[in-house]
Amino acid sequence: MKNKKFDFKDYIRQRFFPHIWCPGCGHGIVLSSLLRAVHELGLNKNEIVITSGIGCSSRISGYVDFHSLHTIHGRALSFATGVKLSKPDLKAIVPMGDGDALAIGGNHFIHAARRNIDITAIVMNNRIYGMTGGQFSPLSGCGKQATTAPYSTIDREFDVVDLAKSAGATFVARSTVFHANECKDIIKKGINHKGFSVVEILTQCPTYYGRKNKEGDAVQMMENYKTNTVKIGSKKLEKNPGLIQRGIFVEKNDVPEYCEAYDRIIETAMKGQA
Amino acid sequence: MVKDKIIQHLIEKEWCKGCGICVHFCPKQVLELDSNGKVEAVRPEDCIACMLCELRCPDLAIQIIENQEKEYEKQ
Ligand code: SF4
Ligand code: SF4
Ligand code: SF4
């Protein structure tokens, strides 16, 4: 469909729209960026499998008109691993919330990265559990308000990029929903990369995180993504090292991909049998 | 002969949740919310088809269609 002008409607299950996300929820912008990425890559809808777990973000698998699996909390990567090993030609994309990816599914996350299986994990980081009512997540960080932290949080947060890097992911990038075009380009690169790709996208939850932490409405939260982030290595970091960096942090092509390594083992084993 | 672009704002009012993201970030103040809190292109002639509204709408409720068919002699 690449030569046709992009139209959302070619890629979604229209019967489920309007979607369930709150007004101004950034997850819709991630969805839109993902659809554009798929369009620009010229992928056939049947070549893609979207696997998701549980949470507001995970509802994305119901809206896309691709192969889709809506699975259990934190285990989307495990299901995707199974699908990918049995059908390695499919492009496996796993959109996850921050809690789903790094609390409930933290173990699956690091091991998928370590194996370097060809899956694109999109971590939609809004720093809170939205669907269940605004509990703090491992991405909330210290001094934040949440329904489970009325006197503010004392837990430090993960840095998704550093974690993915040290766990062995061979493509690691970050963007925000304010930077929708950059977001699309990074998703494209993540999908094209052969190996485990982690794309962290900062996305607003105005309903819980925004309201609890007095960060304003969706518009204000997006303005904050503009002012609080910079491209990797920007000069602005000298003055303000607290700015969050956006861009591609890791892109390695010299690590064996898991499905291919597994195929070679099968080949070796079959020879041994003969 | 020059080509004149006709820009259309295709708005799915049923899907729009009135978050105001497109209104706020439009560089030309083309968009406003109507009395029902749904987006409307009130100054379509000012639109520069930058697509920012379409890119950032979380509800996939607005699309920019550019028609280049209208051709006319430049006076
Ligand atoms: S609760 Fe938060 S994350 Fe969930 S749909 Fe609403 S705004 Fe989005
Ligand atoms: S960004 Fe989308 S949902 Fe929000 S007001 Fe504009 S058209 Fe409506
Ligand atoms: S395309 Fe650009 S100028 Fe036109 S309405 Fe959208 S944001 Fe405004």
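Because the structure is predicted, anything quoted here is derived from the model rather than measured.

Conventions we followed
- Residues numbered from 1 in each chain as written.
- Chains lettered and ligands numbered in written order.
- Predicted model: local features only at pLDDT ≥ 70, side-chain atom pairs only at ≥ 80, totals over all residues.
- Heavy atoms only, no water.
- Core = buried A, V, L, I, M, F, W, Y, C linked by side-chain atoms within 4.5 Å.
- Buried < 20%, exposed > 50% of the residue type's maximum accessible area, 1.4 Å probe, protein only.
- Contact = heavy atoms within 4.5 Å.
- Near = heavy atom within 4 Å.
- Nonpolar A, V, L, I, M, F, W, Y, C, P; charged D, E, K, R; others polar.
- Patch = residues over 30% accessible without salt bridge, like charges linked within 9 Å, V, L, I, M, F, W, Y side chains within 5 Å.
- Areas by Shrake-Rupley, 256 points an atom, 1.4 Å probe, with all protein chains shown as cover.
- Salt bridge = Lys/Arg side-chain N within 4 Å of Asp/Glu carboxyl O.
- Helix = DSSP H or I, 4+ residues; strand = E, 2+ residues; numbered from the N terminus.
- Axes fitted to C-alpha atoms, helices over the stretch in contact; angles between N-to-C directions.
- Parallel < 35°, antiparallel > 145°, perpendicular 65-115°, else oblique.

1. Some details on the nonpolar core
In terms of nonpolar packing, the biggest core is built from 59 residues, with A:Leu31 and A:Leu35 touching the most fellow members. Each residue touching A:Leu31, except ones within four places of it in the same chain, is listed here: A:Phe17, A:Trp21, A:Ile60, A:Tyr63, A:Val64 and B:Leu60. Residues A:Ala76, A:Leu90, A:Val94 and A:Ala167 belong to the second largest nonpolar core, which totals 30 residues.

2. Structural notes on the site of ligand 2
Taken together, B:Cys16, B:Lys17, B:Gly18, B:Cys19, B:Gly20, B:Cys22, B:Leu33, B:Val39, B:Cys57, B:Pro58 and B:Asp59 make up the full set of residues near ligand 2. Among the residues forming the shell around ligand 2, the class breakdown is seven nonpolar, two polar and two charged.

3. Some details on the site of ligand 3
What surrounds ligand 3 is the set B:His9, B:Cys26, B:Pro27, B:Val30, B:Leu31, B:Cys47, B:Ile48, B:Ala49, B:Cys50, B:Met51, B:Cys53 and B:Ile64. Classifying every residue of the shell around ligand 3 gives eleven nonpolar, one polar and no charged.

4. Things to note about a nonpolar patch on the surface
Residues and elements named next belong to chain A. On the surface, Leu85, Tyr262, Ile266 and Met270 cluster together into a nonpolar patch covering about 370 Å² of accessible area. Per-element tally for the nonpolar patch: the top contributor is helix 11 (residues 258-273), with three residues. Of note, Tyr262 is situated in helix 11. Given the relative accessible area of 43%, Tyr262 is considered partly exposed.

5. Quick word on the packing of helix 5 (residues 106-115) of chain A against helix 6 (residues 160-167) of chain A
Residues and elements named next belong to chain A. The contact between helix 5 and helix 6 brings their axes to 8 Å, and the two run at 50°. Compared by their axis directions, helix 5 and helix 6 come out oblique. Contact residues: helix 5 offers Phe109, Ile110, Ala113 and Arg114, while helix 6 offers Leu163, Ala164 and Ala167. For the contact of helix 5 with helix 6, the residue count by class is six nonpolar, no polar and one charged.

6. So, the pattern of salt bridges
Side chains carrying opposite charge are able to pair once their charged atoms draw close together. Residues and elements named next belong to chain A. Going through the model one piece at a time under the given rule, you end up with 19 salt bridges over all chains. Close ionic contact of Asp65 with Arg13 constitutes a salt bridge, the shortest N to O distance being 3.9 Å. A residue pair is termed long-range when its members are at least 10 positions apart, and Asp65 in the loop between helix 2 (60-63) and strand 2 (67-70) and Arg13 in the segment before helix 1 (27-41) qualify at 52 residues. Owing to a relative accessible area of 30%, Asp65 belongs among the partly exposed residues under this scheme. Measuring nitrogen to oxygen at the nearest pair gives 3.2 Å for the salt bridge that ties Arg174 to Asp159. Taken together, the residues Arg174 in strand 7 (residues 171-176) and Asp159 in the loop between strand 6 (135-136) and helix 6 connect sequence positions 15 residues apart. Overall, Arg174 belongs to the buried group, its relative accessible area being 7%. Each of Glu40, Lys184, Asp185 and Lys188 takes part in a single network of salt bridges with overlapping partners.

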